[in-house]
Amino acid sequence: MYQWRKFEFFEEKAAGRGGGGGSSSSAAAVPAEIAGRVTCCSGGRGRVAVGCDDGTVGLLDRGFRLSYGFQAHASSVLFLQQLKQKNVLVTVGDDDQSSSQSSAICLKVFDLDKVQEEGSSTTAPFCVQILRVFTDQFPQAKITSFMVLEEAPPILLITIGLDNGFIYCIKGDIARERITRFKLQVEAAPDGSASFPITGIGFRVEGQAHQLFAVTPSSVSLFSLHVQPPRRQTLDQIGCQTNAVAMSDRMDLIIGRPEAVYFYEVDGRGPCWAFDGEKKFVGWFRGYLLCIIEDQRTHKGTLNIYDLKNRLIAHSMPVGDVSHLVCEWGYIILIMADKKILCIGEKDMESKLDMLFKKNLYTVAINLVQSQQADPASTAEVLRKYGDHLYGKQEYDEAMSQYIHTIGHLEPSYVIQKFLDAKRIYNLTNYLEKLHDRGLASKDHTTLLLNCYTKLKDVEKLNDFIKDEDGIGEIKFDVETAIRVCRAAGYHEHAMFVAKKAGRHELYLKILLEDLGRYDEALQYISSLEANQAGLTVKEYGKILVEHRPAETVEILLRLCTDVGDPTTRRGSNSMHLLMIPSPMDFVNIFVHSPQYLMEFLENYIKAVKDSPAQTEIHNTLLELYISNDLSFPSISQENGFENHNIKETEGKETANGYGYESGTKEKANVGKEDTKLSKNIVDRRRKGLALLKSAWTSEMEDPLYDVDLALILCNTHAFKDGLLFLYEKLKLYKEVISCYKQAHDHQGLIACCKKLGDSSQGGDPSLWGDLLKYFGELGEDCSTEVKEVLTYIEKEDVVPPIVVLQTLSKNPCLTLSVVKDYIARKLEQESKLIEEDRKSIDKYQEETELMKREIEDLKTNAKVFQLSKCTACTFTLDLPAVHFMCMHSFHLRCLGDNEKECPECAPEYRSVMEAKQKLEQNARDHDLFFRQLRGSKDGFSVIADYFSKGIVSKTTVPPENGR
């Protein structure tokens, strides 16, 4: 043990005036008020209790001043103990009884919380109980040791060791004297003589198991008190003297002998520490072993404080004649025989570490902070300083091993900066690996580690770092950073592995397409993804795929958008299912340079899906592709560019060799072929466009499957005549249809169009013939044939008056009278017939009118003679009372019933006339009906004349103004 290092981790503390820190210039002493010799002491609850040979007990505060003292026993205080759980003091002392029949040794229990007055100047605690230690069953002997175990309050277990080898035990509620007594005996001496005295006692408590160590000068025994009767077990055949017994914080027994210090557990002797010298006192303080060793030659004592875990002497100092050792307030307190007090305290951790750092004892410092369970940050700081020390000595491997232990507490950049040199890249790699293993690496750390691997070209470690988990667990590094570094270093397979394992499909495809150009593999990977993931990846990288694998990309898109690969998922409503799969319009942008494949994709889609939610947008896009004039085909453009490039390169050479004419001829031939091919393509697309216009707006549909306004704009912009004609016809814009033919000067088409659209029996607009006639009248060229044909239909439909026909056609100087001669003759003949018929009708109406006037005049001026002899109703002879009407009908009064004011025979005719009159008056107020009839009639004048003839228009009622 002489090889153990010695340190000054403890220092003497000033005990006076509050026990402040710092070195003491003069030792403290027991207060002068305590006059007797100190026989025992005990610490606890912030005070030190001392017992004297004059029977008094003094309670000392932190400054070793007397709080108060009291007379505990009449003669002397032998032992005392301050309890920890309750503020209670237990003493054993001699009370000098006059009677010789009873023992003078008593056990007293004082409640220090209850103080009673004993006069004007002193106070004493309340004595709760007094017990006689020795009775008839427990004979008197010299007490050599004493200890109290606090069980569940107020239960105490008091053990008293005697010089005859017995231990008296008192258990129970001492204050109420509800106790039981029993005694234990240590093994007798081998020669049959008196037993050895009990020199030390110690309790070991584990749950409900209570065990008692008993030490004599020649043995160590263990009593199991939780069994009845208590069972004794001899642990060793050696012992120790008084005061050389203590208990560690692990409840191991410690005994000090001249040759060594022994530790005992419940199953026997444990560790042994060979510290030479007579052990006058043995103690335990905060994990330190305390030994006061007396030199046999000089008889001087030395206090050694041992750190057994770190195998060092934390403090060593000479001391005088020590009578008592106690620990309180975090100090080791030594009471000398001359009543002086020595107070020793442990230095703070920072001071101890500074001391070790100055001596470069970093391993000791590390062991020290670890053994004292310092916080991790403090431990890391010690490790950092040790690492810095090793780094300064250029011991880089050892330094790195220390820095690795600081991970999680020391900023990684502090270590990384020290090892950025290329010569120390292996150490840096090791540190970064540990950083990733702990899950504390950032993106920059991942970048640096992968750069280290690539600089070292250590593919094996790179594989271990990236692929070692084999698909199990979470990735311990930043995925994007790892992929970026691996791509930059050319380790594309590793980058792909990371991307695939992390589920970063977009990064996996980016490597395949942009770095490796493995387009087929990329397509296969997309096909293996779920629909939503596949859709996202195609949106991002679809342009590249369409550029290099257009047909396969279109096939994948069709599977995504139609779900043809998994028909079992089509359950329930089709429309509901289609809302869950991608829309074709989401992928239109990837065909920006390949519109012909977009056209193919959308054509196949509308064939497969009839009720897509995006059908309007799809049809709009297809119409734009079909109708557009300048649709570019990348394949053709590339071929043209390649051929033109070759032509330009070879043109100069061929001209120089005399072949310039032949080269020019070939170029013109190639251009002609391309123009023919392009023209044929436009025709085919427009044919498809017209078919789409018609199929997406059939006669059964109320609204088309495309935007009509957009379709009109497209057709008009790209001069798609067939599409315009169809749309105008569907929208009933017949005049716009006629305008199309007019612009094209298609006379036959105009006439055919008017035949189709101007037939009123089919819901057409007959006024189109008038527009057509006006067109020919303003044409300014000979169109006699067309005009004759038009006049035939105008005459048939009677849509234009003859005078208007003549006025319109007279504007064309190229038309002669022969063109309208037959038409005019027929119309004049028809008009003559109508005039003749009208003249006859007029004569007839005039005769009837004159007849009515005469009848009215006759009724007004002449008497009416009624000569009927029979009743018109019953045909019986007419008798009185009778009723005669001006219409020359006569009736019995009884035959008329209640209605005697109108003729039953003439009343129905009269009512019908009146109803017709009322209806005409109502119609006169219905202006909408009048204008509808006016617009729907071929001859509007006849409608107005009819209204005049019925007296509707002429009979106008002007509402009175202001009530007049």
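Residues numbered from 1 in each chain as written. Predicted model: local features only at pLDDT ≥ 70, side-chain atom pairs only at ≥ 80, totals over all residues. Heavy atoms only, no water.

If you check an unreviewed UniProt entry, the chain appears there as Vacuolar protein sorting-associated protein 11 homolog from Urochloa decumbens. Check the Sequence similarities (unreviewed entry) section of the UniProt entry for the chain; it says "Belongs to the VPS11 family." A UniProt comment under Subunit (unreviewed entry) is attached to the chain, and it reads "Core component of at least two putative endosomal tethering complexes, the homotypic fusion and vacuole protein sorting (HOPS) complex and the class C core vacuole/endosome tethering (CORVET) complex." (UniProt positions renumbered as here; feature names shortened; annotations may be inferred.)

Caption draft 1: Summary view of the pattern of salt bridges. Applying the stated criterion across every chain, the model contains 31 salt bridges. Two residues, E11 and K13, come together in a salt bridge whose shortest N-O distance is 2.8 Å. Here D388 and R384 are joined by a salt bridge, their closest N and O atoms 2.6 Å apart. Of this pair, D388 and R384 are both found in helix 3 (residues 376-392), four residues apart, which corresponds to roughly one turn of the helix. Overlapping salt bridges, with partners in common, bring together E381, R384, D388 and K418 in one network. (Salt bridge = Lys/Arg side-chain N within 4 Å of Asp/Glu carboxyl O. Helix = DSSP H or I, 4+ residues; strand = E, 2+ residues; numbered from the N terminus.)

Caption draft 2: Just the side chain of R686, in detail. Relative to the helices and strands, R686 is located in helix 19 (residues 660-695). In this structure the side chain of R686 is engaged in a polar contact, spanning 3.3 Å, whose partner is the backbone oxygen of I627. Setting aside anything within four residues of it in sequence, one finds R686 in contact with Y626, I627, N629, H718, A719 and F720. (Polar contact = N/O pair within 3.5 Å; in protein donor to acceptor, adjacent residues only side chain to side chain. Contact = heavy atoms within 4.5 Å.)

Caption draft 3: Summary view of the side chain of T159. Of note, T159 is situated in strand 13 (residues 155-162). Not counting residues up to four positions away in its chain, the partners in contact with T159 are S145, F146, M147, I167, Y168, C169, I201, F203 and L212.

Caption draft 4: How the structure looks around the sheet that holds strand 27 (residues 312-319). Strand order in the open sheet formed by five strands is 1-27-26-25-24, and the pairing between neighbours is mixed. Two strands in the sheet have a free side with no partner beyond their single neighbour: strand 1 (5-6) and strand 24 (278-285). With two bridges joining them, strand 1 and strand 27 adopt parallel strand pairing. Paired with R5 across the bridge in strand 27 is L312. (Pairing = 2+ DSSP bridges.)

Caption draft 5: View of the sheet that holds strand 15 (residues 178-185). Spatial ordering of the open sheet is given by 12-13-14-15, a layout of four strands whose pairing is antiparallel. Taken across any chain shown, the strands that pair with only one partner, and hence form the sheet edges, are strand 12 (143-150) and strand 15. Geometrically, the sheet is characterised by an average inter-axis angle of 15° between neighbouring strands, direction not taken into account. (Axes fitted to C-alpha atoms, helices over the stretch in contact; angles between N-to-C directions.)

Caption draft 6: Looking closely at the confidence of the model for the chain. For the chain, the mean per-residue pLDDT works out to 80, and 87% of the residues sit at or above 70. Predicted confidence in the chain is weakest over helix 18 (residues 634-656), with a mean pLDDT of 39, and strongest over strand 22 (residues 261-265), with 93. Every residue in residues 17-26 scores below 50 in pLDDT, and together they form 19 contacts with partners more than four places removed in sequence or on other chains. Under a pLDDT of 50 for its full length, residues 633-663 has, in the predicted model, 14 contacts with residues more than four places off or in other chains. (pLDDT = per-residue confidence, 0-100.)

Caption draft 7: A look at the environment of L157. Here L157 lies in strand 13. Each C-alpha atom, one on L157 and one on I170, is 5.8 Å from the other, the two residues being 13 residues apart in sequence. Here L157 is in contact with M147, V148, L149, E151, C169, I170, K171, F182, F203 and L225, once residues within four sequence places are set aside.

Caption draft 8: How the structure looks around helix 13 (residues 531-548). In this model helix 13 runs just 22 Å from its N-terminal to its C-terminal C-alpha over 18 residues, more than 12% under the 26 Å that 1.5 Å per residue would give. At Y541, helix 13 shows its largest kink, close to 70°. Three or more residues of helix 13 are buried, namely A534, G535, T537, V538, Y541, G542, L545 and V546. Tucked into the core, helix 13 has its buried residues touching helix 11 (505-516), helix 12 (519-528) and helix 14 (550-562). (Expected span 1.5 Å × (residues − 1). Bend = angle between axes of the 7 residues up to and from the residue. Buried < 20%, exposed > 50% of the residue type's maximum accessible area, 1.4 Å probe, protein only.)

Caption draft 9: Layout of the UniProt feature "domain: RING-type" (unreviewed entry) in the chain. In the numbering used here, UniProt assigns the feature "domain: RING-type" (unreviewed entry) to residues 871-906. With 11% helix and 17% strand, the stretch residues 871-906 has end C-alpha atoms that lie 15 Å from each other.

Caption draft 10: Layout of the pairing of strand 14 (residues 166-173). With six of eight residues buried, strand 14 is to be regarded as a mostly interior element. Between strand 13 and strand 14, which follow one another and run antiparallel, lie three residues, and G165 among them has a positive phi close to 90°. Examined bridge by bridge, strand 14 and strand 15 share eight bridges and lie antiparallel to one another. Paired with C169 across the two strands is F182, which belongs to strand 15. The hairpin turn running from strand 14 into strand 15, its antiparallel successor, is four residues long, and E177 in that turn takes a positive phi close to 60°.

Caption draft 11: Summary view of the packing of aromatic side chains. Scanning the entire structure with this criterion turns up 25 aromatic pairs. Aromatic side chains Y396 and F419 sit 6.4 Å apart centroid to centroid with 80° between the ring planes, which places their arrangement in the edge-to-face category. In this pair, Y396 sits in helix 4 (residues 396-405) while F419 sits in the loop between helix 5 (412-418) and helix 6 (425-437), placing the two residues 23 residues apart along the sequence. Here the aromatic cluster, defined as three or more aromatic residues joined through ring pairs, consists of Y391, Y396, Y403, Y414 and F419. Sitting over the ring of F9, K352 keeps its end group 5.6 Å from the ring centre. We note R424 situated over the ring of Y396; from NZ or CZ to the ring centre the distance is 4.6 Å. (Phe/Tyr/Trp six-rings, centres within 6.5 Å; stacked < 30°, edge-to-face > 60°. Lys NZ or Arg CZ within 6 Å of the ring centre and 35° of its normal.)

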